[in-house]
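# Reading the structure
Here is what each chain is made of, one letter per residue.
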Amino acid sequence: QVQLVESGGGLVQAGGSLRLSCAASGTISSINAMGWYRQAPGKQREMVALVTSGGSTNYADSVKGRFTISRDNSKNTVYLQMNSLKPEDTAVYYCYARNRWDSNLYWGQGTQVTVSS
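The present account deals with the structure reproduced in this document.

### Re the overall build of the protein
A count of helical and extended segments in the protein gives zero helices and eleven strands. Ordered by position in the sequence, the α and β elements of the protein form the string β-β-β-β-β-β-β-β-β-β-β. A globule of 117 residues ought to have a C-alpha radius of gyration of about 13 Å, and the protein, at 14 Å, matches this closely. Roughly 6,000 Å² of accessible area belongs to the protein as shown, and the carbon and sulfur atoms make up 46% of that amount. Both charge centroids of the protein, one from 11 positive and one from 7 negative side chains, sit 3 Å from each other.

### Here we look at the packing of aromatic side chains
Taken as a whole, this structure holds four aromatic pairs when the rule is applied. Measuring from centroid to centroid gives 5.2 Å for Tyr-37 and Tyr-96, while their planes differ by 75 degrees, and the two rings are edge-to-face. On the criterion of sequence distance, the pair formed by Tyr-37 in strand E4 (residues 31-39) and Tyr-96 in strand E9 (residues 91-99) is long-range, its members being 59 residues apart. Tyr-37 sits in the partly exposed class, given a relative accessible area of 22%. When its relative accessible area of 4% is taken as the criterion, Tyr-96 is described as buried. With 5.7 Å between their ring centres and 45 degrees between their planes, Tyr-96 and Trp-107 make a pair best called tilted. Of this pair, Tyr-96 sits in strand E9 while Trp-107 sits in strand E10 (residues 105-107), placing them eleven residues apart in sequence. Among the residues examined, Trp-107 registers a relative accessible area of 35% and is labelled partly exposed. Lying across the ring of Trp-107, Arg-45 places its NZ or CZ 4.6 Å from the centre.

### Focus: the nonpolar core
Of all hydrophobic cores here, the largest spans 30 residues; its most connected members are Leu-4, Met-34, Trp-36, Leu-80, Met-82 and Tyr-93. Taken together, the elements giving at least two residues each to this core come down to strand E1 (2-7), strand E3 (18-26), E4, strand E5 (46-52), strand E7 (67-72), strand E8 (77-82), E9 and strand E11 (111-116). Sequence-distant contacts of Tyr-93, defined by excluding residues within four places in its chain, comprise Glu-6, Leu-20, Trp-36, Tyr-37, Arg-38, Val-48, Phe-67, Leu-80, Met-82, Gly-110, Thr-111 and Val-113.

### Considerations on the sheet that holds E7
The antiparallel open sheet is built from four strands, whose spatial order is E1-E3-E8-E7. This sheet does not close on itself; its edge strands, each paired only once, are E1 and E7. Each adjacent strand pair in this sheet contributes to an overall mean axis angle of 20 degrees, direction not counted.

### Points about the pattern of salt bridges
By the definition in use, this model includes four salt bridges. With a closest N to O distance of 3.1 Å, Lys-64 and Asp-61 form a salt bridge. Of the charged contacts, one joins Arg-66 and Asp-89 as a salt bridge, the two residues approaching to 2.7 Å between their closest N and O atoms. A residue pair is termed long-range when its members are at least 10 positions apart, and Arg-66 in the loop between strand E6 (57-59) and E7 and Asp-89 in the loop between E8 and E9 qualify at 23 residues. The exposure classification of Arg-66 matches that of Asp-89, with both residues buried.

Conventions and cut-offs
- Residues numbered from 1 in each chain as written.
- Predicted model: local features only at pLDDT ≥ 70, side-chain atom pairs only at ≥ 80, totals over all residues.
- Heavy atoms only, no water.
- Helix = DSSP H or I, 4+ residues; strand = E, 2+ residues; numbered from the N terminus.
- Rg over C-alpha atoms; globule rule 2.2 N^0.38 Å.
- Areas by Shrake-Rupley, 256 points an atom, 1.4 Å probe, with all protein chains shown as cover.
- Lys, Arg positive; Asp, Glu negative; His and termini not counted.
- Charge placed at Lys NZ, Arg CZ, Asp CG, Glu CD.
- Phe/Tyr/Trp six-rings, centres within 6.5 Å; stacked < 30°, edge-to-face > 60°.
- Buried < 20%, exposed > 50% of the residue type's maximum accessible area, 1.4 Å probe, protein only.
- Lys NZ or Arg CZ within 6 Å of the ring centre and 35° of its normal.
- Core = buried A, V, L, I, M, F, W, Y, C linked by side-chain atoms within 4.5 Å.
- Contact = heavy atoms within 4.5 Å.
- Pairing = 2+ DSSP bridges.
- Axes fitted to C-alpha atoms, helices over the stretch in contact; angles between N-to-C directions.
- Salt bridge = Lys/Arg side-chain N within 4 Å of Asp/Glu carboxyl O.

Shown next as structure tokens:
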């Protein structure tokens, strides 16, 4: 099993920045990717960014050039640096980790990001 603990959400004005953190514990060796989804009120959950164990990254088109995902393997932590935030980035952001053997996803508890105009 894998446990994920997120931090770093909050309220920021449009154009501002936030950094989310996601610390993993448990069976870390079973993970081959970590990333972030988000869900805004009344909308489906959408993938924001991911980073694989090999270091490859992928981003939603809506955040390319503004968000950067990175990882610190020594701390089993993934970060999401969010710059030039827009009101439409307002959502609950969920960290996830993917199991390398069965592709099962583990989820964090979610952290609220609110961008005011």
